Amino acid sequence: MNDQTLHKIGRAVDAVEETLIAILLAAMTLITFANVVARYVFNANILWALEVTVFLFAWMVLLGASYAAKKHIHIGVDVVIVRVPSGVRKTLAIIAVIACLAFSVLLLIGSWDYWWAFATKRAFLETDDVPMPEFLQFLADALNEGERYEKMPRFIPYFILPLSMALLTLRYLQLGWEVLRGKEDMIIASHEGAEEIEGLEESVETGDPAEPTKRD
């Protein structure tokens, strides 16, 4: 598989993640707004609104984990790696990627095992309030012995667990490949650390004492 193919796959995954996150955020906002209007204007309540919002929020957060890995915006400590030579930094980046991959693979295995139980022997378990869309009722024949679902089965919203961990693993594989090729030497953004060091170097050159960085 050449670089161009890998780049296209990466861009396609980016587009899917970005689109899903945007849709989930918009859906959360609309459902919450509609429920507020129903409650305070019409003295009514959308029974499934809260549960759906919780599921949407979970989907958004878990998808955001893989997207943040791609964009290097996960929180990290760079006090050491920004001060070492590039060769050592690359080695540290490889070690960090291996650790992250091990962690994400363990999460993927655990999340798959957890979800698979709901998709097989616990397929009859339903959510509390979320109605089952009619176009998904075919799942009842395959997984619920033909008995129609009154509420959405839990394996549908829970599917985000293995999906998000698979995407996170894919992101760390992509990042590891970029590090091995020499295109990256860190797995986190280090803008703040770079600015700190640049400021210290300037203060040494000018002879002015460096002022401590103010933090909120």
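Further up the page is the structure itself.
Here's what I pulled together on the structure shown here. Please read these numbers as outputs of a predicted model, since none were measured by experiment.

The backbone of asparagine 43 sits at a positive phi, close to 55°, despite the residue not being glycine. By the secondary structure assignment, asparagine 43 is in the loop between α1 (3–40) and α2 (49–70).

Right, let's get into the packing of helix α3 (residues 86–119) against helix α5 (residues 160–180). Two numbers describe how α3 lies on α5: the axes approach to 8 Å, and their chain directions differ by 165°. Taken together, the axes of α3 and α5 lie roughly antiparallel to each other. For α3 against α5, the interelement crossing comes out left-handed. Split into classes, the residues belonging to the contact of α3 with α5 amount to 21 nonpolar, four polar and one charged.

Next up on the list: the packing of aromatic side chains. Inspection of the entire model under this criterion finds eight aromatic pairs. With a centroid separation of 6.4 Å and 75° between ring planes, the pair formed by phenylalanine 55 and tyrosine 158 is classed as edge-to-face. Of this pair, phenylalanine 55 sits in helix α2 while tyrosine 158 sits in the loop between β2 (151–153) and α5, and the two are 103 residues apart along the sequence. Of the two residues examined, phenylalanine 55 and tyrosine 158, each falls in the buried class. Within the aromatic cluster, the residues linked to one another by ring pairs are Phe55, Tyr114, Phe118 and Tyr158. In this structure, arginine 122 is placed above the aromatic ring of phenylalanine 118, and the distance from its NZ or CZ to the ring centre is 5.4 Å.

The α-helix winds at 3.6 residues per turn, so residues separated by three or four positions along the chain end up facing the same way. Taking 1.5 Å of rise per residue, 21 residues should cover 30 Å, and α5 covers 30 Å from first to last C-alpha, within 8% of that figure. Glycine 182 lies just past α5 and shows a positive phi near 85°.

A separate point is the nonpolar core. With 26 residues, the main nonpolar core has Leu24, Leu56, Leu63, Met132, Tyr149 and Phe155 as its most contacted residues. Contributing elements (two or more residues each) for this core: α1, α2, α3, α4 (138–143) and α5. Among the elements that make up this core, the one with the highest residue count is α2 (seven residues). Those residues in contact with leucine 56, other than ones at most four positions away along the chain, are Leu24, Ala27, Met28 and Ile31. Counting 15 residues, the second-largest nonpolar core is a separate cluster that includes Ala69, Val82, Cys100 and Met165.

Where nonpolar side chains cluster on the molecular surface, the patch consists of Val36, Tyr40, Val41 and Phe42 and spans about 490 Å² of accessible area. For tyrosine 40, a relative accessible area of 66% puts it in the exposed group.

Attention shifts here to the side chain of arginine 154. If you trace the backbone, arginine 154 turns up in the loop between β2 and α5. Among the polar contacts made by the side chain of arginine 154, one reaches the side chain of aspartate 128 at a distance of 3.5 Å. Beyond its immediate chain neighbours, meaning those up to four positions away, arginine 154 contacts Phe118, Leu125, Glu126, Thr127 and Asp128.

Cut-offs used in this document
Residues numbered from 1 in each chain as written. Predicted model: local features only at pLDDT ≥ 70, side-chain atom pairs only at ≥ 80, totals over all residues. Heavy atoms only, no water. Helix = DSSP H or I, 4+ residues; strand = E, 2+ residues; numbered from the N terminus. Axes fitted to C-alpha atoms, helices over the stretch in contact; angles between N-to-C directions. Parallel < 35°, antiparallel > 145°, perpendicular 65-115°, else oblique. Left-handed = near helix turned anticlockwise from the far one by under 90°. Nonpolar A, V, L, I, M, F, W, Y, C, P; charged D, E, K, R; others polar. Phe/Tyr/Trp six-rings, centres within 6.5 Å; stacked < 30°, edge-to-face > 60°. Buried < 20%, exposed > 50% of the residue type's maximum accessible area, 1.4 Å probe, protein only. Lys NZ or Arg CZ within 6 Å of the ring centre and 35° of its normal. Expected span 1.5 Å × (residues − 1). Core = buried A, V, L, I, M, F, W, Y, C linked by side-chain atoms within 4.5 Å. Contact = heavy atoms within 4.5 Å. Patch = residues over 30% accessible without salt bridge, like charges linked within 9 Å, V, L, I, M, F, W, Y side chains within 5 Å. Areas by Shrake-Rupley, 256 points an atom, 1.4 Å probe, with all protein chains shown as cover. Salt bridge = Lys/Arg side-chain N within 4 Å of Asp/Glu carboxyl O. Polar contact = N/O pair within 3.5 Å; in protein donor to acceptor, adjacent residues only side chain to side chain.

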